[in-house]
Structure formats: C-alpha cells, structure tokens
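Now for the letters of each chain:
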Amino acid sequence: MDFNMKKLASDAGIFFTRAVQFTEEKFGQAEKTELDAHFENLLARADSTKNWTEKILRQTEVLLQPNPSARVEEFLYEKLDRKVPSRVTNGELLAQYMADAASELGPTTPYGKTLIKVAEAEKQLGAAERDFIHTASISFLTPLRNFLEGDWKTISKERRLLQNRRLDLDACKARLKKAKAAEAKATLWNDEVDKAEQELRVAQTEFDRQAEVTRLLLEGISSTHVNHLRCLHEFVKSQTTYYAQCYRHMLDLQKQLGRFPGTFVGTAEPASPPLSSTSPTTTAATMPVVPSVASLAPPGEASLCLEEVAPPASGTRKARVLYDYEAADSSELALLADELITVYSLPGMDPDWLIGERGNKKGKVPVTYLELLS
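The protein is annotated in an unreviewed UniProt entry as Endophilin-B2 from Rhinopithecus roxellana. Word for word, the UniProt comment on the protein under Subcellular location (unreviewed entry) is "Cytoplasm". The record held by UniProt for the protein lists under Subunit (unreviewed entry) the comment "Homodimer, and heterodimer with SH3GLB1."

Visitor: Could you give an account of the sheet that holds strand E5 (residues 370–372), naming the residues involved and the relevant values?
Guide: Strand order in the open sheet formed by 5 strands is E4-E3-E2-E1-E5, with antiparallel pairing between adjacent strands. Taken across any chain shown, the strands that pair with only one partner, and hence form the sheet edges, are strand E4 (361–366) and E5. Each strand axis lies, on average, 40° off the axis of its neighbour in the sheet, ignoring direction. Note that strand E3 (residues 353–358) and E4 share 6 bridges and pair antiparallel. Residue pairing across strands places Trp 353 opposite Pro 366, the latter belonging to E4.

Visitor: So what about a nonpolar patch on the surface? Which residues, and what values?
Guide: Taken together, Val 88, Leu 93 and Tyr 97 make up a surface patch of nonpolar side chains, about 310 Å² in accessible area. Along the chain, Val 88 turns up in the loop between helix H3 (68–79) and helix H4 (90–105).

Visitor: Kindly report on the nonpolar core, identifying the contributing residues and their values.
Guide: In a soluble, globular protein the nonpolar side chains are often hidden away together inside. With 34 residues, the main nonpolar core has Phe 39, Phe 132, Phe 140 and Leu 218 as its most contacted residues. With 16 residues, helix H5 (residues 110–186) is the largest single contributor of residues to this core. Discounting residues that sit within four places of it in the chain, Phe 132 has contacts with Leu 64, Phe 235, Ser 238, Gln 239 and Tyr 242. Counting residues in hydrophobic clusters, the runner-up holds 22 residues, among them Leu 251, Leu 335, Met 349 and Val 367.

Visitor: Please provide a residue-by-residue account of the packing of aromatic side chains, values included.
Guide: Tallying each qualifying case throughout the model produces 7 aromatic pairs. When the centroid spacing of 4.7 Å and the interplanar angle of 25° are considered together, the rings of Phe 140 and Phe 235 count as stacked. Residue Phe 140 is found in helix H5, and its partner Phe 235 is found in helix H7 (residues 221–258); the two are separated by 95 residues along the sequence. The same class applies to Phe 140 and to Phe 235, which are both buried. In textbook terms, an aromatic cluster arises when at least three aromatic residues are bridged by ring pairs, as seen for Phe 132, Phe 140, Phe 235, Tyr 242 and Tyr 243. Over the ring of Trp 52 we find Lys 55, and its NZ or CZ is 4.5 Å from the ring centre.

Visitor: Any chance you could break down the pattern of salt bridges for me, citing the residues and the numbers?
Guide: A full pass over the atoms with the stated rule returns 14 salt bridges. With a closest N to O distance of 2.9 Å, Glu 61 and Arg 145 form a salt bridge. Here the residue Glu 61 occupies a position in helix H2 (residues 37–64), and Arg 145 occupies one in helix H5, the gap between them amounting to 84 residues. For Arg 145, a relative accessible area of 18% puts it in the buried group.

Visitor: Can you lay out the environment of Ala 327 for me, pointing to particular residues and giving the numbers?
Guide: Here Ala 327 shows up in the loop between strand E1 (317–321) and strand E2 (340–344). A residue is classified by how much of its surface remains accessible, and Ala 327, at 26% relative accessible area, is partly exposed. The contacts of Ala 327, once residues within four sequence positions are left out, are Glu 332, Leu 333 and Ala 334.

Parameters and conventions
- Residues numbered from 1 in each chain as written.
- Predicted model: local features only at pLDDT ≥ 70, side-chain atom pairs only at ≥ 80, totals over all residues.
- Heavy atoms only, no water.
- UniProt positions renumbered as here; feature names shortened; annotations may be inferred.
- Pairing = 2+ DSSP bridges.
- Helix = DSSP H or I, 4+ residues; strand = E, 2+ residues; numbered from the N terminus.
- Axes fitted to C-alpha atoms, helices over the stretch in contact; angles between N-to-C directions.
- Patch = residues over 30% accessible without salt bridge, like charges linked within 9 Å, V, L, I, M, F, W, Y side chains within 5 Å.
- Areas by Shrake-Rupley, 256 points an atom, 1.4 Å probe, with all protein chains shown as cover.
- Salt bridge = Lys/Arg side-chain N within 4 Å of Asp/Glu carboxyl O.
- Core = buried A, V, L, I, M, F, W, Y, C linked by side-chain atoms within 4.5 Å.
- Buried < 20%, exposed > 50% of the residue type's maximum accessible area, 1.4 Å probe, protein only.
- Contact = heavy atoms within 4.5 Å.
- Phe/Tyr/Trp six-rings, centres within 6.5 Å; stacked < 30°, edge-to-face > 60°.
- Lys NZ or Arg CZ within 6 Å of the ring centre and 35° of its normal.

So, in structure tokens, the structure goes:
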C-alpha cells in the first residue's frame, strides 16, 4: 500500500514538473531543447503523410459508398468485428425496378422488351460495381486503415514519450542551472549540484534513446509510401477493369437495342470514345472512303452486301483490336483482342462502324473496339 502511494506521489510530481516546464516554455521563461533540422523534417513529413492518408481514405470511402448512413453502418460492423451484410447496389436495384415494370407494362411490347434488355445490362453493371468495391476495399482501403490504426498510433505514442523525455531533460537543465547559481552565492560546494548533474545525465540518456527510437519509426514512413504506391496501382487497376466492364456492357446493350424495331439507337450522338487515344468520330472522319455502294445502308435498315464492297485502292489503315467482339450477324466480323486487321470507311455508314478485313473475311466492326495505327 505504501509503495503504491509513493509511486502515485512520484508520478504526480513528474507530471507537475513537466507541466511547469511546458508552461514556462510557452511564456518564454525557460529554455527548450530543439531537435535537429533532419528530425524536424521527418516529423513534418510524417504529419503530412498522416493527414493526406486520412483525406484520401475518407474520400475513397465516399466514392465507393456515397450513402453516409451505409458508411456508418459498415464502420460499426467493422468495429464490432462482424461481417458486413451484403447490400444491393444501385444498378441492381434499378435493374429490378425495370424488370418489374416490363412485366407489368407488357414484356412483348417494344418498351417492355427494351426495359428487359436495359435491366439485364444494369444488373451486370451492378455486379461489376460490387466486384470493384470489394477489390478496392481490400487492395486500397485496408492498407490505408492499417497504417492509420497501427503504424501511426505507434509513431504517435513514441512521439509523446519523446516529448516527455525532452521536458524532463529541460527541467533537469533548469534545476542544474539554479543549483549552480545557488552554489555561487553560497561560495561553497552544494550537494544539490551533484544531484542535479546526475539527474541531467540520466535524463539526457533517456532522451537520446527515445529520440533514436522515434527517428527510426519516422524514417519508416518511406516504406509506408512504397506500400501505398503499390496499393494505389492496384486501385487504378481495379478501377480500370471496372470501367472497361461497364463500357463493354453498355456497348453490347447499344448494339442489341439497335436491332429492335422502332428504337432510336443510331439517330443519337456517336458513342463515347473507348479506352484509347482516338475518338470514334474523329477516326471515322479521317478514314479513307471507297466509292458509294447502292446496297449500303445504316445498321438495322438493310443488310450489307459484302461481296460488292471493295477496299480503296490506297489509304487503308491497320488497326489493333482492343477487346474480343462476337459478330451479331453475317454482316459483322468477329474480333479477337490484340489481333491486327485492315479497316476503311464507306459513305453513308454509321460513324461508329468501319469495314474490317482479315484475310479473305470482311465485315462491319465497331470503331470503339479498335485502336487505329499510324
């Protein structure tokens, strides 16, 4: 019991001494041991890393889950170490509504058929979104959280210990200074000087040891940057895969809707450019054009007589196929990713399509699946 009381009294005395030293430093009434410039730079770099990691983490969470209530729910499940329940994505919910609407309004009507097709595409988009969220959470969000909740807490703890060791050191310096001043006035050796010098040596040793531990942790921020860089590449990869899947699903949907009688696909603006440096509209406009063929018509109006189509005498271009493409009918040319084909345009063609040739086979190919080579 006496031992515990003495320990509490000692801890209270140390805390009081540190508080006095800190207050006097703030008012400019006490000297403060300054860290070297390299150490200060490490501290500033660590603080900046922590602050920006928090901001990137929070905004990525908003990107993956815009609903704040859902984010709070997921946070609570994580803190309780429980599995987050599966949640229907917005795309999947929209798909369900469209499918139900088609069932009630008439699945055999043009509107009902289109609703069903769009619902299938939205369901695919929802599934792709779910995969993206899952992948991004594991490969990007989790490492950022681990840094903030693990490494950064350790760094913060050691920095607080270093601050306490510095306050103890400066308090010992102040006591030694006062003891020497008292000794000079008394013109005789004061035991307080020996005691203050001994305390100062101990405080200096503890401060140096803690400074080294903290410095090593701060220098480890460089490894944190390397790890976060790798995670950032994984995030970009998963995001690229997600948007590529969405693009292919919507392109396939547009192609399917173009075959429906009474739909308006084909009269709208050209599709958005694919994941390549050349836009479809510009591509079609700069392609060589062969003489007009009477039997040609836009997709959906008449079949293309491929036997009557001949390539231009000069100016055909090579193109690399970006994605696999399954021909919808005999007028189209099936494609395999990374193969090279010859392409050219015809007057009156939909700007989103070109004529492609591979050996003795030819047919229409979508511009958005191609990368034109110079």
